[in-house]
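# Survey of secondary and tertiary structure
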Amino acid sequence: MEDTSQSRKISKTATRIRPEDRSKQFEDGTFRVDTGRLLCSVCNVTVDFTRKHTCLKHLNSNTHKRRKEQQVFASAKRASLENLDVSTGGTSERQVFLTGLVDAFAGANIPLHALDNRNLRSFLQANFNSETIPTASHLRRFFLPKAFEAHFIALKRCLANRGALAIVCDETTDAEDRYILNVLAVPSCEKQGDKLDALLLECVVLEKTNYKTVSEAILRVLFKYEIPTLKISAFVTDNAAYMHKAWNCSLRPVLLNGVHVTCTAHILNLICEVWVSSFQETNRLVSAIKKAFTASPARKARFKQFLREKGAPQKLPPAPVLTRWNTWFGAVLYHADHLEDYSEFFSRELGSSASSNTSEIIILCGSVDVRQQLDQLRIYAPHLMAILKKYEGTDIKAHLVIDDLTQLIEWFDASYTDTENLA
Ligand SMILES: [Zn+2]
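Notes on the structure in this doc start here. (Residues numbered from 1 in each chain as written. Predicted model: local features only at pLDDT ≥ 70, side-chain atom pairs only at ≥ 80, totals over all residues.)

### Structural notes on the overall build of the protein chain
What counts, and what does not: Labels follow the DSSP assignment, with helices taken as runs of H or I lasting at least four residues and strands as runs of E lasting at least two, numbered in each case from the N terminus. In this scheme every C-beta is placed from the backbone, and a residue whose C-beta has 20 or more other C-beta atoms within 10 Å is buried, one with 12 or fewer is exposed, and one in between is partly exposed. Contact between two residues is assigned when their C-beta atoms, built from the backbone, lie within 7 Å.
Along the protein chain, the regular secondary structure elements total 16 helices and seven strands. Expressed as a percentage of the 423 residues in the protein chain, the buried residues total 20%. Partitioning the contacts of the protein chain with sequence separation of at least 6, the portion at a separation of at least 24 is 57%.

This is how it looks when you write it as structure tokens:
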């Protein structure tokens, strides 16, 4: 018996194959051979060449695909950098280096004034054979526009090579309180298991937000990137009335192959908003506790000490953000488990520093309403949390949405009947 299994093992692994032979079985440049090892040209990692299956598995892995995409984009960028005009003076090699440097700083989100730092400057000058590196203001004035242009051209090329695109947009306000419409393109996935990859096309500053300004901005972006309108398969937005109107009144007749998709995560957020509004007291508790712990490292330390004395895990209450419901639910579930602890801890705190917030927490922790609400949330929140988490990811779920939402409606109906029966 043992012999047979041994021989099967050997026959499965073709040990006699050389890395050179394996490399030839794939497209030129996919793998390279280095001192008896087979290396992936994109990832620069060793791949087991004895089995073809292992090589194929590597080529189909998400890491490899992501790296390959990055490489394609980087080489497109390099090509556009090399084609830039050299009118700012200096050799073209130096131009490419400086534009690339600005591009790298912008990509890593490092402000250009960091280049005025003496240490960084002397390091770069010593190691990159560059004469002198211009000041940040010079780079900003002459090279940032070039880096932007190179990025734009690379993005345009990248989009031209992809199939159908979904246009995703949402509006926000910036630090100066202006309306900003972020327009993203998400190329469709070509193979099963691929992850969605979003590319930011433009942040359009809008005078005001209405269906006309939004439609105009979208069409202008498509025109700028020379994206054929027939290539757009979806227009993904939130549920705002002006987005519906933008689609129905102006974009639908132009984007003939597209459909309007309202973001499921956004719809779920709205559902949570309605749902959570019935838990007023719990909401008060959540904000009071958040207030008690933010900006008070000493109290955080005392609470940790308190938990340690009790022998409980020293985890601090999560600080929830209202627009991210999962953080709110997470905080609620934590509070549900720590009501007794809070009562005791904040009663002690009251002795050292009396504040209206501390007294409110003590009252809320003793409230029957809060207890009942927390019990209900403990039962129902995990379901909503799971579904929210699912739709905030980047995996493709379009085919599952209808089932999940139907289930959610059924679950709401059933929970409602349950509550009615209990009452
Ligand atoms: Zn690879």
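### Structural notes on the nonpolar core
Formally: Each nonpolar core comprises buried Ala, Val, Leu, Ile, Met, Phe, Trp, Tyr and Cys residues, the members being joined through C-beta atoms within 7 Å.
Core analysis: the biggest nonpolar cluster contains 26 residues, and Trp328, Val332 and Ile361 have the highest contact counts within it. Broken down by secondary-structure element, the contributors of at least two residues to this core are helix H10 (264-276), helix H11 (280-293), helix H13 (325-352), helix H14 (356-366) and helix H15 (368-392). No other element matches H13, which puts eight residues into this core. The residues touching valine 332, leaving out its near neighbours within four places in the chain, are Thr282, Val286, Leu374, Leu377 and Ala381.

### Notes on the pairing of strand E7 (residues 259-262)
Quick note on the threshold: Pairing between two strands is assigned when DSSP locates at least 2 bridges connecting them. Clockwise travel from the first strand over the helix to the second, with the strands pointing away from the viewer, marks a crossover as right-handed.
Relative to E7, strand E6 (residues 232-237) runs parallel, the two being bridged by four bridges. Looking at E7, one finds that phenylalanine 235 is bridged to histidine 260. The β-α-β motif built from E6, the intervening helix H9 (residues 241-251) and the parallel element E7 has right-handed crossover chirality.

### Looking at the sheet that holds strand E5 (residues 199-206)
Definition in use: In this description, a line fitted to the C-alpha atoms serves as the axis of each element, helices being fitted only across the stretch in contact, and the angle between N-to-C directions of two axes falls anywhere from 0 to 180 degrees.
Strand order in the open sheet made by the five strands is E5-E4-E3-E6-E7, with mixed pairing throughout. Looking along the sheet, the strands with just one partner apiece sit at the ends: E5 and E7. Neighbour-to-neighbour, the strand axes of this sheet turn through a mean angle of 25°, independent of strand direction. In this structure, strand E4 (residues 179-187) lies alongside E5, joined through seven bridges in antiparallel fashion. Its bridge partner being in E5, isoleucine 180 is matched across the sheet by valine 205.

### What about the environment of arginine 18?
Tracing the sequence through the fold places arginine 18 in the loop between helix H1 (2-12) and helix H2 (19-24). C-alpha of arginine 18 to C-alpha of valine 33: the two residues are 15 residues apart in sequence and 9.7 Å apart in space.

### Brief notes about unusual backbone geometry
Positive phi, normally seen in glycine, also occurs at aspartate 177, with a value near 65°. Along the chain, aspartate 177 falls in the loop between strand E3 (165-173) and E4. On the neighbour-count criterion, aspartate 177 (6 C-beta atoms within 10 Å) is exposed. In this structure, glutamate 226 takes a positive phi of about 55° despite not being glycine. By the secondary structure assignment, glutamate 226 is in the loop between helix H8 (211-224) and E6. Owing to 9 C-beta atoms within 10 Å, glutamate 226 belongs among the exposed residues under this scheme.

### A word on the packing of H11 against H14
We count it as follows: Comment on the angle field: the value is read as roughly parallel under 35 degrees, roughly antiparallel over 145, roughly perpendicular from 65 to 115, and oblique elsewhere. Handedness of a crossing is defined here by the sense of rotation of the near helix relative to the far one, left-handed for an anticlockwise turn of less than a right angle and right-handed for a clockwise turn. For this classification, the nonpolar set comprises Ala, Val, Leu, Ile, Met, Phe, Trp, Tyr, Cys and Pro, the charged set comprises Asp, Glu, Lys and Arg, and every other residue, Gly included, is treated as polar.
Contact pair H11 / H14: the axes reach a minimum separation of 9 Å and the direction vectors enclose 140°. Between H11 and H14, the interaxial angle falls into the category oblique. H14 is crossed by H11, and the crossing has left-handed handedness. Residues Glu281, Arg284, Leu285, Ala288, Ile289, Lys291 and Ala292 of H11 lie in contact with H14, whose contacting residues are Asn357, Thr358, Glu360, Ile361 and Leu364. Along the lines of polarity and charge, the residues of the contact of H11 with H14 split into six nonpolar, two polar and four charged.

### A few points about H8
The line we're drawing: Here the expected length of a helix is defined as 1.5 Å per residue gap, with one fewer gap than residues. Throughout, the arc means that of the directions going from the helix axis to the C-beta atoms.
For H8, which comprises 14 residues, the first-to-last C-alpha distance of 20 Å matches the rise-based estimate of 20 Å (1.5 Å per residue) to within 8%. Burial in H8 covers these residues: Val214, Ile218 and Leu222. End-on, the buried residues of H8 take up no more than an arc of 65°, which puts them together on one face. For H8, the exposed residues set more than 90 degrees away from the buried face come down to Phe223 and Lys224. Directly after H8, the chain includes glutamate 226, whose backbone phi takes a positive value near 55°.

### Some details on the pairing of E4
Pairing geometry for E3 and E4, over nine bridges, is antiparallel. The residue bridging aspartate 170 from the neighbouring strand is asparagine 182, located in E4. The antiparallel pairing of E3 with E4 creates a hairpin that spans five residues between the two strands, and aspartate 177 there sits at a positive phi of about 65°.

### Here's the deal with the packing of H10 against H15
Contact geometry for H10 and H15: axes closest at 9 Å, N-to-C directions at 155°. Classified by the angle their axes make, H10 and H15 are roughly antiparallel. As for how H10 packs across H15, the hand of that crossing is left-handed. Facing H10, whose interface residues are Thr264, Ala265, Leu268 and Cys272, H15 presents Leu384, Ile387, Leu388, Tyr391 and Glu392.

### Description of the environment of threonine 50
Locating threonine 50 in the fold gives a position in the loop between strand E2 (37-40) and helix H3 (52-60). Through-space distance from the C-alpha of threonine 50 to that of proline 19 is 7.8 Å; in sequence the pair is 31 residues apart.

### A closer look at the environment of threonine 327
Of note, threonine 327 is situated in helix H13. Taking the number of C-beta atoms within 10 Å as the measure of exposure, threonine 327 has 14 and is therefore partly exposed. Note: C-alpha distance between threonine 327 and methionine 385 (58 residues apart in sequence) is 9.2 Å.

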